[in-house]
Amino acid sequence: MDFRNPITQEVIQGLSKQSQECIRRLLQHRAEVNVDVGKSRAAAVFVGLFEKPGVEGLQVLLTTRAKTMRSHPNQTAFPGGKVDPTDVSPDFTARREAFEEVGLPMGYHRDLHFVTQFEPFLSKYKIIVFPVMYLISNMELVESLSPAPDEVGAIWSVPLEYCLTAQWKEEYGVPSEKGGPDWPYDDEYYKGLTCDITLTVAEIAFGRDTIVPRYADGQMPFFDAVKMAVAEEKSLPEEIRTRPEIRLTRNGGNQDGLLSLPVTPTTEDSVQFTPAPAL
């Protein structure tokens, strides 16, 4: 039994017209994801899309990492983390990490629908990152999410269309004040991996290029960079490549293993969404 709940026409028709078009384009996306990462470091992130009641357009679920984290404290991120050797797929990793970080239910859930997996990205630390996308069809599920205090400082969202146009509309609400308590950056901030993934999602969903520059002069496309990083790792002497080998499958191999994992704990406290900072 596949733990992933597919999107039905009934679910799509429950979305606004713009969101229906975006989801259909995303469903048609066929990424080249079969990458033998060998002993390279790998990670997966959960890209969650949802609609707010009465607001047209998809929202992208994001987090602010806790200030106490040793790596990337107070930075914008998707729920996600490193691939464990026992993980059967990037999908499994993304779901497991989202469960640990924000309490997203594990296993099959009627309001959680698998959409697609994207080409892997390469972080500046040469970690190969697999983005996995789901549609959350019920706002109550979004509101039930709760940040793990040691890992997540806040849960919030940003309109997907904003990632394409970089134009903040009045109906989006009031963004965080620069330098205010909900502003996650120091004096300087830059476009990082989370933004790169979000821009890719927006381009595919809307079928056109974002106005935000994607690559620096001479920068290699992400998937080419991933293949080069894997080749470099495999060329190292065996005594240097001490990490366990990870082999990931596109469809997840033994998916039934996920069904025995715990469900989301019940809590009376629902998450409070903070105003969205600029990406």
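Definitions and limits used
- Residues numbered from 1 in each chain as written.
- Predicted model: local features only at pLDDT ≥ 70, side-chain atom pairs only at ≥ 80, totals over all residues.
- Heavy atoms only, no water.
- Helix = DSSP H or I, 4+ residues; strand = E, 2+ residues; numbered from the N terminus.
- Buried < 20%, exposed > 50% of the residue type's maximum accessible area, 1.4 Å probe, protein only.
- Contact = heavy atoms within 4.5 Å.
- Areas by Shrake-Rupley, 256 points an atom, 1.4 Å probe, with all protein chains shown as cover.
- pLDDT = per-residue confidence, 0-100.
- Core = buried A, V, L, I, M, F, W, Y, C linked by side-chain atoms within 4.5 Å.
- Salt bridge = Lys/Arg side-chain N within 4 Å of Asp/Glu carboxyl O.
- Phe/Tyr/Trp six-rings, centres within 6.5 Å; stacked < 30°, edge-to-face > 60°.
- Expected span 1.5 Å × (residues − 1).
- Polar contact = N/O pair within 3.5 Å; in protein donor to acceptor, adjacent residues only side chain to side chain.

### Re the overall build of the chain
Step number 1: Check the secondary structure of the chain and you find seven helices and eight strands.
Step number 2: Across the 279 residues in the chain, those meeting the buried criterion constitute 52%.
Step number 3: Relative to all contacts within the chain whose residues are 6 or more apart in sequence, the contacts with residues 24 or more apart total 74%.
Step number 4: Looking at the chain as shown, the accessible area adds up to about 14200 Å², and 50% of this sits on carbon and sulfur atoms.

### A short note on the confidence of the model for the chain
Detailed reading of predicted coordinates is not advised where the pLDDT is low.
Step number 1: Averaged over every residue, the pLDDT of the chain is 78; residues scoring 70 or more account for 71%.
Step number 2: Confidence drops under pLDDT 50 across residues 250-279; counting only partners more than four residues distant or on other chains, this segment forms 75 contacts.

### Focus on the environment of tyrosine 125
Step number 1: Take tyrosine 125: it is sitting in the loop between strand 6 (121-122) and strand 7 (128-136).
Step number 2: C-alpha separation for the pair tyrosine 125 and arginine 41, spaced 84 residues apart in sequence, amounts to 9.3 Å.

### Description of the environment of alanine 229
Step number 1: By the secondary structure assignment, alanine 229 is in helix 7 (residues 222-235).
Step number 2: Look at alanine 229 and you get buried, because its relative accessible area is 12%.
Step number 3: Sequence separation between alanine 229 and valine 37 is 192 residues; the distance between their C-alpha atoms is 9.0 Å.
Step number 4: Excluding its chain neighbours within four sequence positions, the residues that come into contact with alanine 229 are Ser40 and Leu122.

### Some points on the nonpolar core
Step number 1: Formed by 37 residues in total, the largest nonpolar core has its most connected members in Ile23, Leu26 and Leu135.
Step number 2: Elements represented by at least two residues in this core include exactly helix 1 (9-13), helix 2 (17-28), strand 1 (42-50), strand 2 (59-65), strand 7, strand 8 (152-159), helix 5 (160-165) and helix 6 (193-206).
Step number 3: For this core, the element with the highest residue contribution is helix 6, accounting for eight residues.
Step number 4: What leucine 26 contacts, discounting residues up to four positions off in sequence, is Leu49, Val115, Thr116, Phe118, Met133, Val201, Ile204 and Ala205.
Step number 5: Formed by 32 residues, the second largest nonpolar core is a distinct cluster that contains Phe3, Val35, Phe114 and Val132.

### Some words on the pattern of salt bridges
Step number 1: Applying the stated criterion across every chain, the model contains six salt bridges.
Step number 2: Across the pair arginine 96 and aspartate 84 runs a salt bridge, and its minimum N-O distance is 3.4 Å. Here the residue arginine 96 occupies a position in helix 3 (residues 90-102), and aspartate 84 occupies one in the loop between strand 4 (80-82) and helix 3, the gap between them amounting to twelve residues.
Step number 3: Residue arginine 96 is joined to glutamate 100 by a salt bridge in which the shortest nitrogen-to-oxygen separation is 3.5 Å.

### Overview of the packing of aromatic side chains
Each aromatic ring pair is characterised by the separation of its centres together with the angle its planes make.
Step number 1: Under the criterion given, the structure shown has two aromatic pairs.
Step number 2: Geometrically, the ring pair formed by phenylalanine 46 and tyrosine 134 is stacked, given 5.5 Å between the ring centres and 20° between the ring planes. Here the residue phenylalanine 46 occupies a position in strand 1, and tyrosine 134 occupies one in strand 7, the gap between them amounting to 88 residues. Tyrosine 134 matches phenylalanine 46 in its accessibility class, with the two residues each being buried.
Step number 3: Ring geometry for phenylalanine 114 and tyrosine 134: centres 5.6 Å apart, planes at 75°, overall edge-to-face. Of this pair, phenylalanine 114 sits in strand 5 (residues 112-117) while tyrosine 134 is found in strand 7, placing the two residues 20 residues apart along the sequence.
Step number 4: For phenylalanine 114, a relative accessible area of 18% translates into the label buried.

### Thoughts on helix 3
Step number 1: When the terminal C-alpha atoms of helix 3 are compared, their 18 Å separation across 13 residues agrees well with the 18 Å that a helix rising 1.5 Å per residue should span.
Step number 2: Here helix 3 has its buried residues at Pro90, Asp91, Phe92, Thr93, Ala94, Arg95, Arg96, Glu97, Ala98, Phe99, Glu101 and Val102.
Step number 3: Positive backbone phi, approximately 80°, marks glycine 103, located one or two places after helix 3.

### Things to note about the side chain of aspartate 91
Step number 1: By secondary structure assignment, the location of aspartate 91 is in helix 3.
Step number 2: Reaching out from aspartate 91, the side chain makes a polar contact with the side chain of arginine 4 at a distance of 3.1 Å.
Step number 3: At 2.9 Å, the side chain of aspartate 91 and the side chain of tyrosine 134 are in polar contact.
Step number 4: Dropping the residues within four chain positions of it, aspartate 91 is found in contact with Phe3, Arg4, Phe114, Val132 and Tyr134.

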